[in-house]
Amino acid sequence: MIFASTRRRSPGASSSAACAAAALTSLALSCGSGSNGAPSILGSTLDAGVTADAGTMRFDAPEILEASPASTVSINLDADVTGAISLSLDGDYGDASLADASVIATAGVAAVVVRTPSMATTFGIHARSASGATADLAVDVSAAGYTSVGIHPTYSGVRTVGPVVASAFINTTCALLTATPLNDAVINASGLPGSELTLDEVPAGANIAIYGRIGHYASGCIDAGVLATGKAQELDLPIYDLPMALSATNLVVTLTPVAAPGSPELAYWTSVMGEGRDAAIKAFFDREMNANETDEAALLDEMTAQVPIANQADFASQRTSLGWDATTATWLGAHLASLVMPASSLTAQVTAVLDAAIPNALGPIVFGLAQASNGTAQVSPSTVDGVPASAAGWLAPAAFAWTADAHDNVQLSGAFFVQASATLAAVAVTSSGSTDIPGTLAMATTAGGIDCTGLATSLTSGGDSYPGCSADCTAMLCSAALEAMWIRAGNASETDDQVTQVALVASGVAAVGDAAQPVSFAGNWVSQINTPMVGTGDLDGTVNAASK
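How each quantity is defined
Residues numbered from 1 in each chain as written. Predicted model: local features only at pLDDT ≥ 70, side-chain atom pairs only at ≥ 80, totals over all residues. Heavy atoms only, no water. Helix = DSSP H or I, 4+ residues; strand = E, 2+ residues; numbered from the N terminus. Buried < 20%, exposed > 50% of the residue type's maximum accessible area, 1.4 Å probe, protein only. Contact = heavy atoms within 4.5 Å. Areas by Shrake-Rupley, 256 points an atom, 1.4 Å probe, with all protein chains shown as cover. Disulfide = S-S within 2.5 Å. Pairing = 2+ DSSP bridges. Axes fitted to C-alpha atoms, helices over the stretch in contact; angles between N-to-C directions. Phe/Tyr/Trp six-rings, centres within 6.5 Å; stacked < 30°, edge-to-face > 60°. Lys NZ or Arg CZ within 6 Å of the ring centre and 35° of its normal. Salt bridge = Lys/Arg side-chain N within 4 Å of Asp/Glu carboxyl O.

*Asks:* Honestly, the overall build of the chain in this entry has me stumped. Any pointers?
*Replies:* Helix and strand content of the chain: 13 helices and 28 strands. Scored against the burial criterion, the 548 residues of the chain give a buried share of 49%. Sequence separation of 24 or more characterises 68% of the internal contacts of the chain that already satisfy a separation of 6 or more. Approximately 23,000 Å² of the chain is accessible, and the part contributed by carbon and sulfur atoms is 54%.

*Asks:* In this structure, what is going on with the state of the cysteines? I would like to understand it.
*Replies:* Put plainly, a disulfide is one covalent bond tying together the sulfur atoms of two cysteines. Considering all chains together, one arrives at 3 disulfides under this definition. The disulfide partner of cysteine 452 is cysteine 478, and the S-S distance across this bridge is 2.1 Å. Across the S-S bond of cysteine 452 and cysteine 478 the torsion is about -60°, and the bridge reads as left-handed. Of this pair, cysteine 452 sits in helix H11 (residues 452-460) while cysteine 478 sits in helix H12 (residues 471-490), and the two are 26 residues apart along the sequence. Each member of the pair, cysteine 452 together with cysteine 478, is buried. Here the chain pairs its bonded cysteines, counted in sequence order, in the arrangement 1-2, 3-6, 4-5.

*Asks:* Please explain the sheet that holds strand S10 (residues 121-129) as it appears in this structure.
*Replies:* Strand pairing in a sheet relies on backbone hydrogen bonds, with the paired strands running either antiparallel or parallel. Sheet architecture is open: 5 strands sit in the order S4-S11-S10-S6-S8, paired in mixed fashion. Taken across any chain shown, the strands that pair with only one partner, and hence form the sheet edges, are strand S4 (64-67) and strand S8 (102-104). If you compare each strand with its neighbour and ignore which way they point, the axes differ by 30° on average. As judged from the 4 bridges shared by S4 and strand S11 (residues 134-141), these two strands associate in the parallel manner. Each residue of the ladder has a partner; that of glutamate 66, found in S11, is aspartate 140.

*Asks:* Teacher, can you tell me more about the packing of aromatic side chains here?
*Replies:* The description of an aromatic ring pair rests on the distance of the ring centres and on the angle between the ring planes. Enumeration over the complete set of coordinates arrives at 9 aromatic pairs. Measuring from centroid to centroid gives 6.4 Å for phenylalanine 284 and tryptophan 486, while their planes differ by 80°, and the two rings are edge-to-face. Of this pair, phenylalanine 284 sits in helix H3 (residues 264-284) while tryptophan 486 sits in helix H12, and the two are 202 residues apart along the sequence. Among the aromatic side chains, those forming a connected cluster through ring pairs are Trp269, Phe367, Trp394, Phe400 and Phe416. Above the face of the phenylalanine 285 ring, arginine 287 is positioned so that its terminal group lies 4.1 Å from the ring centre.

*Asks:* Honestly, the pairing of strand S9 (residues 109-115) in this entry has me stumped. Any pointers?
*Replies:* Put simply, side chains in a regular strand alternate between the two faces of the sheet. Because side chains alternate across S9, one face comprises the buried residues Ala110, Val112 and Val114, and the other comprises Val109, Ala111, Val113 and Arg115, none of which is buried. Relative to S9, strand S5 (residues 72-79) runs antiparallel, the two being bridged by 7 bridges. Across the sheet, aspartate 78 pairs through a bridge with valine 109, a residue of S9. Bridge count for strand S7 (residues 97-98) against S9 is 2 bridges, and the pairing is antiparallel. Its bridge partner being in S9, serine 97 is matched across the sheet by arginine 115.

*Asks:* What exactly am I supposed to notice about the pairing of strand S16 (residues 207-214) here?
*Replies:* Of all 8 residues that make up S16, 7 are buried, and the element is covered over most of its length. When strand S13 (residues 164-170) meets S16, the two strands line up antiparallel, connected through 7 bridges. Residue pairing in the sheet places valine 164 in a bridge with isoleucine 214 of S16. The sheet contact formed by S16 and strand S17 (residues 218-226) spans 8 bridges and is antiparallel. Looking at the pairing, asparagine 207 lines up with valine 226 of S17. Hairpin connection between S16 and S17: a loop of 3 residues separates the two successive antiparallel strands, and glycine 215 in this loop has a positive phi of roughly 55°.

*Asks:* Got a minute to help me understand the pattern of salt bridges in this structure?
*Replies:* One side chain can pair with another of opposite charge once the charged atoms of both are near each other. For the coordinates displayed, the defined rule picks out 9 salt bridges. The partner of aspartate 355 in a salt bridge is arginine 277, and the shortest N-O contact between them spans 2.8 Å. Here aspartate 355, found in helix H7 (residues 346-357), pairs with arginine 277, found in helix H3; they are 78 residues apart in sequence, far enough to count as distant. Within the structure, one salt-bridge network assembled from shared partners comprises Arg159, Asp241 and Asp408.

Right, dumping it as structure tokens:
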């Protein structure tokens, strides 16, 4: 079979013209066509003068120059630059050497003299001017002549099918190539799996390994061995998916619970949140210390705690002498009854606020997934139903297990630890839209909050609650007290060792990027939940992940 060449020559120079130019070198060179596009050696772009990358310099030679081993070759470098031009060798140049580390162009031309290596190989010559102009030339060295290799790539993986880039590596084997990261070789061709690729000007008489890749997520290699001169070889090149690069994971994962109305899962989660609500109410009024303390007494006790220590005795004296507990009870009864959602007591009001938050406490859980290593990944909770996870009491103190199989199925497993009281407190604040806790407790910003100014006016009657603290100051004590009581309520689950464990397993099919890193996955998750007071239960849903 005759393979159609995928090479091209420099425009404006025929093969015979190139050979005539080669006759001017120290030793005769065999001439061949150039590579299909600008090839690369170990990351360096090689250019024989046909691309814009060369700037104002170009080698006057074919794109791939063929030469014999251990020969001295002189190549003209057309250079419309001033000053010294530095020279270097790239790639597998073996014992090759340059006659000069730099040259200067005379009348727009500089002679670059290189001693080719003693064995068959491919390497590059790189020129760079002081102004930054560059030119590159690929050199193909063989004592036994050259051959062509027909490559038939196949791909049976599960990822996006893209072009295969097949490269011929000289004096090596597949076992050696797979030990280090690779760039494309000088001799390469590309095409879709199932097509015919031709590698021309492969040195005969040297050990050849053919390496192919799709992006950097699938690859394959075959040892072609030592090839005969001028004989077209045909080789199959299977391409396989590389293992998923889990160490490059950087995803945002969303867990969406699925719990139908009336389902056991929803009933169980409501019970878990109910446990958090009960703990929060108890902590709000500090009834762990005084189970029978009234609402008004709890509020005045917390207001006393907000008074500077030096003035707390004065505040307590006023409270006793002016009967503030009775005044506060009367005021709370009348004020709470006037709210948009009336309540008979502060306990009832706090309970209603937390109860209203329970349905919103089962929303999407969003977290970052990154820094995977040794089969694990770090999970960083972000939001729970739109509420910052740190405020909602969702923690992931330990790394999660993070694995992938050969079919790009991924699995994530680990445990969240949830403070139900914090979840409800944070959701209630967000749902109210209020900027302060008095407003949150009113559950409607348009109705104002708990009217601390009104309470302060009733307590002080135009005087001070302690020397220098007028009604405005006393109103601030009320607001600060409610804030402190709310914080204590949010921390109740942790304080009472009632932290809920959510042990989950999420799995799905992943898509990968060019470097085989996971860029997304979608599937489902299941969990087993355990909480001290309610016991165990289940919750599941869907999972979706995308790159950050």
